[in-house]
Amino acid sequence: MTTLSIWQSLIIALWVAGIMSRWFLGGATLMLRFSPLMTGLVVGLVMGRVGDAMVVTAALQLIYMGVFSPGGSMPAEPSIAAAIAVPVALLGNLPAESAVAVAVPVGLLGSYLYQLRFFINTFIGKYTDKAVEELNDGKITRSIIWYPTIASFILFVPLVFIALYWGAPVISNVIGALQETVFIHILEVIGGGLAAIGIATTIYVIGRKDFLVFFLLAYFLSVVFKSLEITMVTYAILGLLLSLIFVMTKHQAVQTGIANASSAAPDDFDDEDDDDF
């Protein structure tokens, strides 16, 4: 497959517009917008290459692990990035690192589109104010739910469709022609570095110094046992057992501390009585 069909491009564009409307599937839409995983899955299903799509999407997820959205505003749009970068990678049979380098500028452009959506909603907000003054439930519902959703579809569907139907094949062909060149090597290096930055940012934000030893243990175990081709399921079970041992040990230490404190309390009380006497 060297191009996307009209229906494939349209389905992916509708999915992106639904996510960006922030109404599709309720509160779950926010997580779909902030994470490229589900968008990558949809792209894989549409293109019939779920496995390859998820390999690329996993690399994209790494770079957006450290991206935060104060007030709902993001420096990049992961869902839009995945909607464009994953088809480009699949069409051109590109490595995941190259897809990451493609996703970064696309995600940045997507953030400007989202800001444009906010600007459009300011005009809808005037209608909402008028509906509130009139205490008209129907108008309030339309202005809060339906009109912003329709505006999102009008904005995102045509642009994403054009980018997929005409843009993705061109980008994949250009990058495919540059395979085994310095340019592709640069893209792969940049892509790997961005993934490392995402992981490092996440560890810095949510990491705790007393738990960092477990992260280092998991990393070195994966390096040492790489030749054994141990599956992720095995590592997950090993991590679960280690965490259970840690929790049990910590619980036992707390119980021991409480027991020692309770046994020492009467002695302290007797000593105080002896001193007073």
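The rules behind each value
- Residues numbered from 1 in each chain as written.
- Predicted model: local features only at pLDDT ≥ 70, side-chain atom pairs only at ≥ 80, totals over all residues.
- Heavy atoms only, no water.
- Helix = DSSP H or I, 4+ residues; strand = E, 2+ residues; numbered from the N terminus.
- Buried < 20%, exposed > 50% of the residue type's maximum accessible area, 1.4 Å probe, protein only.
- Contact = heavy atoms within 4.5 Å.
- Core = buried A, V, L, I, M, F, W, Y, C linked by side-chain atoms within 4.5 Å.
- Phe/Tyr/Trp six-rings, centres within 6.5 Å; stacked < 30°, edge-to-face > 60°.
- Salt bridge = Lys/Arg side-chain N within 4 Å of Asp/Glu carboxyl O.
- Axes fitted to C-alpha atoms, helices over the stretch in contact; angles between N-to-C directions.
- Left-handed = near helix turned anticlockwise from the far one by under 90°.
- Nonpolar A, V, L, I, M, F, W, Y, C, P; charged D, E, K, R; others polar.
- Expected span 1.5 Å × (residues − 1).
- Bend = angle between axes of the 7 residues up to and from the residue.

(A) Region of interest: the overall build of the protein. Within the protein, the regular secondary structure consists of ten helices and zero strands. Along the protein, from the amino end to the carboxyl end, the secondary structure elements read α-α-α-α-α-α-α-α-α-α. Out of the 277 residues in the protein, the part that is buried amounts to 33%. Restricting the contact set of the protein to residue pairs at least 6 apart, pairs at least 24 apart contribute 75%.

(B) Examining the nonpolar core more closely. The biggest cluster of nonpolar side chains holds 46 residues, and the ones touching the most others in it are V16, M20, L60, V86 and F156. Where this core is concerned, the elements lending two or more residues are α1 (6-20), α3 (37-47), α4 (50-63), α5 (78-92), α6 (96-134) and α7 (137-177). Top contributing element to this core by residue count: α5, with eleven residues. Contacts of L60, omitting those with residues within four sequence positions, involve P36, A82, A85, V86, A99, V100 and A103.

(C) Here's a closer look at the packing of aromatic side chains. Tallied over the entire structure, the rule returns four aromatic pairs. Note on F161 and W166: the rings are 6.2 Å apart at their centroids and 85° apart in plane angle, and the pair reads as edge-to-face. One aromatic cluster is present, built from ring pairs that chain together F161, Y165 and W166.

(D) Molecular detail of the pattern of salt bridges. Evaluation of the coordinates by the stated rule reveals one salt bridge. Between D52 and R49 there is a salt bridge, with its nearest N and O atoms 3.1 Å apart. Under the relative-accessibility criterion, R49 is labelled partly exposed at 27%.

(E) Looking closely at the packing of α5 against α6. Interaxial distance between α5 and α6 falls to 8 Å at its minimum, and their mutual angle equals 145°. Where α5 crosses over α6, the two elements pack in a sense that is right-handed. When α5 is examined against α6, the residues I80, A81, I84, A85 and A89 are found in contact with a partner set consisting of A99, V102, A103, V106, G107 and G110. Its residues assigned to classes, the contact of α5 with α6 comprises nine nonpolar, two polar and no charged.

(F) Inspection of the environment of V56 at higher detail. On the secondary structure map, V56 appears in helix α4. The buried category is assigned to V56, whose relative accessible area is 4%. For the pair V56 and A99, spaced 43 residues apart in sequence, the C-alpha separation works out to 6.9 Å. Setting aside chain neighbours within four positions, we find V56 in contact with V86, A89, A96 and A99.

(G) Spotlight on α6. For α6, which comprises 39 residues, the first-to-last C-alpha distance of 54 Å matches the rise-based estimate of 57 Å (1.5 Å per residue) to within 8%. Largest kink in α6: about 30°, centred on F123. Following α6 by one or two positions, L135 adopts a phi angle in the positive range, close to 55°.

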